[in-house]
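# Inside the fold
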Amino acid sequence: MTMGEIADPVQLKEEGNKHFQAGEIDKAIECYTKAIKSCKDKKALAVIYRNRSACFLKKENYNNAVSDASKAIDVDAADIKALYRRCQALEKLGKLDMAFKDVQRCATLEPKNKTFLETLRRLGAEIQQKLKTTFSTDSRVQNMFDILFSDESDKEKQEKAANNLIVLAREDAGSEKIFQNNGVPLLMQLIDTGKPEMILAAIRTLSGMCTGHRARATAIIHMVGISKLCSIMAIDNEEIALGTANLFQCVYDSLSGGDKRNYGKEEALVLDSSKDLKDILLALLEMITSKKVSGHGRDQALNLLIRNVPRKDKKNTDNSKGLFTIDHGLKKILKVCGQVPDLPDQLPLTENTQLIASVLLEKLYDDMRCDPERDNFRDVCDEYIKSKFDPTDMDKNIHAINTLSGILQGPFDVGNILAGRQGVMEMMVALCGSEREVDQLVAVEALIHASTKTSKASFFISNGVTLLKDMYKKTKNEKIKIRALVGLCKLGSAGGDDYSMRQFAEGSTEKLAKQCRKWLCNPTLDVRTRKWAVEGLAYLTNDADVKDDFVEDEAALRAMFELAKSKDKTILYAVACTLVNCTNSYDKKEIIPEMVQLAKFSKQHVPEQHPKDKKDFIERRVKRLLKAGVTSALTVMVKADNSILTNQTKEMLARVFLALAEDVKDRGTIVAQGGGKALLPLALEGTDKGKIKASHALAKIAAVSNPEIAFPSERIYEVVRPLVSLLNTERDGLENFEALLGLTNLAALNDKLRVKILKEKALPEIENYMFEEHDQIRQAATECMCNLVCCKEVQNRYLEDGNDKLKLLVLLCGEDDEQLQRAAAGALAMLTAAQKKLAVKITKVTGQWLEILQRLCIHDNPEIQHRGLVTVYNMLDADEQLAKKLIECELLEILTYVSKLEDNPKKQDAINAARACLSRAMDNGLIKPFSN
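The rules behind the values
Numbering of residues starts from 1 in every chain and runs along the sequence as written. Two thresholds apply to this predicted model, a pLDDT of at least 70 for residue-level local features and 80 or more for giving and counting side-chain atom pairs, whereas whole-chain, interface and lining totals are computed over all residues. Side-chain numbers here rest on the full set of heavy atoms in the structure, without hydrogens or water. What marks off one domain from the next here is an automatic or database domain assignment. Contact between two residues is taken to exist if any of their heavy atoms lie within 4.5 Å; hydrogens are not considered. In short, buried area is how much 1.4 Å probe accessible area vanishes from two parts on joining, totalled over both. Each helix is a run of H or I in the DSSP string that is no shorter than four residues. Each strand is a run of E no shorter than two, and both are numbered from the N terminus. Here, expected helix span is obtained from the residue count minus one, scaled by 1.5 Å. Only protein chains enter the area calculation, which uses a 1.4 Å probe; residues under 20% of their type maximum are buried, those over 50% are exposed, and those in between are partly exposed. Only Phe, Tyr and Trp rings are paired, with Trp represented by its six-membered ring, and only when their centres lie within 6.5 Å; those with planes under 30 degrees apart are stacked, over 60 edge-to-face, the remainder tilted.

## Looking at the domain arrangement of the protein chain
- What the domain assignment reports for the protein chain is domain 1 (9-112), domain 2 (640-782) and domain 3 (791-931).
- Relative placement of domain 2 and domain 3: their C-alpha centres are 34 Å apart.
- Tallying the contact residues gives 12 residues for domain 2 and 15 residues for domain 3.
- Interface of domain 2 and domain 3: buried area, both sides summed, is about 1,200 Å²; carbon and sulfur atoms make up 68% of it.

This is the structure:
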C-alpha cells in the first residue's frame, strides 16, 4: 500500500518513524502531518506532534519545532522528550531563559540524567555571561553618552566615544541596547548641541539603528520627526547633509521592505508604513524649494527622490510614486531648474543642484508608462514655462528660459517640443539682444542645450546658428563669447571623426580650439565659464588635428584635470567626452575595402580616417595624457555622486581607462595613481559595454601587477567577479586571455581568493579554455588551473568519475609547448601530492601515461623535469602495486641516471626529487641500496 492510501493515523505515524530512522526527514514530516489531520485521540496526537518536532529540529526549523513540542506539552506537561526538544529549539533561537526553564523541568523529572544536568549547567553559565554582557553594554552606552555630554572630556575621548556608539549601532543587539537606554532622546540632545562632529555622530548612530529594522525605524521616525530630520539635512554642511540623507535612505529602505523580519499579523498592521513613506516624499519635495535649505541639503533631497521614486525594474507596473511626485512636486523641481544664481533672491544652490534636478526630471519622465501620463508631464512643464513669460519682467522671462534649459538637459524630447512652442524663439532673440549680461548668458546656454541632438534640433539649427554667430562676432564679453562658440562647435560636430565631413573651413576648427584652450587656462575667468571651454573641446576634439594640439598643451590638460577634480561635477561628461576623443576609445566602424569601392562606384559618401587618428599618434597622445596626470583626475571623477555620474559617463571613463592600460609599461603608473581602485566601481555598475571595458582594463592590470598592491586589502576580492565576467564565448580572445592571466595571479595568492573564484562559477569556464585551440589561451587556462588545484573543491572534481579532467591534464603534459607542459605538470604534481587516489587514477585515464611521465622526467627544462619527478614520487608513495610497476619499467634507469648527476644549482630540485624517489623505493623494499 502506498503512503497516499494509508489513512490510519497509527500506520502513518509508524511509516513516519521508519522514514525518520532512515534519515528521510521530509517524507517523515509528510507522514506525521497527514497523521495529525486524521488523528482524533489527544494522547496519540501529542506523540505525533512530539515526533514531528524532532523532524523540524533536524531541518533547523526551530520555530516550528518549538510550536509542535508545545502542543505535545499542552496535553502532557511531563512529556520529557517534548520538553527537551523544545529546550534545544529555544536555545538555537537564542531564548536561553525559556530553554533553561524547560531543561530544569526535565532534570526535576529525571534527576540522574547526565544529558539534562550537563545542559542545565551549560545554559546557566551562558545566561550568567549574557547578563554580564548586557549590564556591561548598558553601562557602556551610558558611559559613552556621559563622555559626549561632558564639557571636561577631551576631544580625543569624545571622538572615541562617538565612534564606539556608531560601531555599537551597527549590531542589532547594540542598536536595541541604545534604543532601550533612552538613546533616541539623548542622540537628539547631541544634535541640539549644534557641534558638527556631535551631529554627525548622532546621525550615523541613528542610521545604524534604523538599518533593516522596520519597527525601530518606525519608532525613531516618530520620536525624532520627519521635519526635524529635514531641518538637519538643510544645514549648510556637506558631510551632515550627506549623513542625514543616508539616515533617510536607511529609514526608507526599512519601511519599504528592506527589513526581512517575520512580524505577526497584528504587528504587521501596526507597522503599516505607507503613510510614513508618503510623508517622507512630501517633506523632501517641500525641501527642494525652501529658502531655508542649503545647497547641499537641496542636492541630497533631490538625490533621495532620484533613488526612491522611479521604479528600479520596469517590469514592475506600479509607478504610483512617480505619478504622486509629478502631482505634488513637478513644478517645484522646475522651479529649481529655473533658478538664475546671478539674480538676487534665488534659492541657495551648489554647482551641481540644477543638473541633479534635470536628472530627476529625466528619471520621472522615463518612469511614465503610457502616452496620457507623458502628455500630462509635458503639459505641466508647458504650463509652468508659459506662466513665467511676462513682457514687463525680464527676470521672470529668464527664469522660464532657464527652466527650458533644465528640461533640455533632462527629458530632451519634452524640451525639444517646448522649444518649438510659439514665443520661445522670439524670447531667445530678445534675450540675446538684451543689454544685461545675465539675459544673454541664459539665452545662449538654452541655445546650446537645444542643439544637443542635431537630428532633432532642425528648428534651432536654422535659427540658432545665425544668433550664435552674431553674438560671437559682436560681443566683447568673454563669458558670452565662449558660450556662443560652444554652441557653434556643437552644431558643427555632426560628422564625428570622419575627416571628409569637416563642418568648418580648413584650419578654423584649430583656431576655435586654440581659443578654448586659452580660456581654459585663464585663471581670471570664473569656473562656470572655463567649464564651457571644456564643453567646446568635447566637440572640437572630434577633429584629429585639434586633439593632437590639445595633448601637446600640458598647461591646458592640467587645467582641465583640475576642473575635473573641482566641486562642480557638471563638467564630468564634457571631460569624459574629450578624453574619449583624445584616446580614440569610441566604437569605430569597420571599413571593408570592397564596400568602399562599391560606395565610390555608386557615388555614396565614404568615411575617411584622418592621418593623425592612426595607431602611433594615438599611442603618443595616451603617453602625454598619462604624463599630465589623467589617472588621478579619473580617480576623483569616479567618486562623484551617481545622479551626476550617469551610466553613459561611467562607460566613457571605462573606455579611457582601457585605452590608457593598453601598453604594459604604463600599467604601473595607473596603479600608482589609484587607477586599480577606481576601476572597480566602473566594472560593477553601469552599461553592459562600460562594465566589459572596465573589466578588461582590470584584467590588463591584474595580469601584470602584484594584485595585493594594485587592489589593496579587501578590494582584491572584488576584482574576481569582473574578471570572471570576461570568461565567456561572447567576449573576444584577448579579453579571455588577459582575464585568465589575472585570475592566475589572484589564484596564486591565498585560499580565500581561490574559493571566491570557484563561488563565481569560473571553474567550468577555465576547464573549457583548457580545450581551446588557441595556444596562448589554452596555456593561460592551464596555468590558472595549476594554481587552483590547491583547493579541496577542485581536487574533488578531479576525483569524480565520468569526466576527462585528469586525462586532459596528462595529455597536456605531453604537448610540445614548454609553458603549457610546465603548467600541466605543476597541476599534476600538486593533485597527486594532495590526493593519493589521483596518483593511482593517472594509470587508468590513458594508455600513454607512462610514456608522457618518462618524457617529463628526462625533459631539458629543469622546472618541467622537477614537476615530473615529484609526480613519480607521489605515485610511488600512493600505492604498493603501482610503485612496483613503476620500478619494473624504464623509469628506474631514468631515476638512477638523474640521481647520480653531480650537484648543480640549476637542476638541484630535479636531482633531489629523483633521489627521494629511489629512497622511497628502497623503503618499500622494491630496490636494494647501491653497493660499492
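## Section: helix α11 (residues 196-210)
- Counted at 1.5 Å a residue, the expected span for α11 with its 15 residues is 21 Å, and the 21 Å between its end C-alpha atoms agrees.
- Where burial is concerned, most of α11 is hidden: 12 out of the 15 residues are buried.
- Here α11 has its buried residues at Met198, Ile199, Leu200, Ala201, Ala202, Ile203, Thr205, Leu206, Ser207, Gly208, Met209 and Cys210.
- After α11 finishes, the residue Gly212 shows a positive phi value of roughly 65°.

## Section: the environment of Phe377
- Residue position: Phe377 is located in helix α20 (residues 371-388).
- Spatially, the C-alpha atom of Phe377 lies 20 Å from that of Leu304, the residues being 73 residues apart in sequence.

## Some remarks on the packing of aromatic side chains
- The full count for this structure, using the stated rule, is 2 aromatic pairs.
- Between Tyr84 and Phe116, the aromatic rings sit 5.2 Å apart at their centres with planes inclined by 50°, giving tilted as the arrangement. Here the residue Tyr84 occupies a position in helix α5 (residues 80-92), and Phe116 occupies one in helix α7 (residues 114-149), the gap between them amounting to 32 residues.
- Measuring from ring centre to ring centre gives 5.1 Å for Tyr365 and Phe377, while their planes differ by 55°; the resulting arrangement is tilted. Of the two residues, Tyr365 is situated in helix α19 (residues 353-366) and Phe377 in helix α20; the sequence distance between them amounts to 12 residues.
- By relative accessible area, which is 17% here, Tyr365 ends up buried.
- With a relative accessible area of 0%, Phe377 lands in the buried category.

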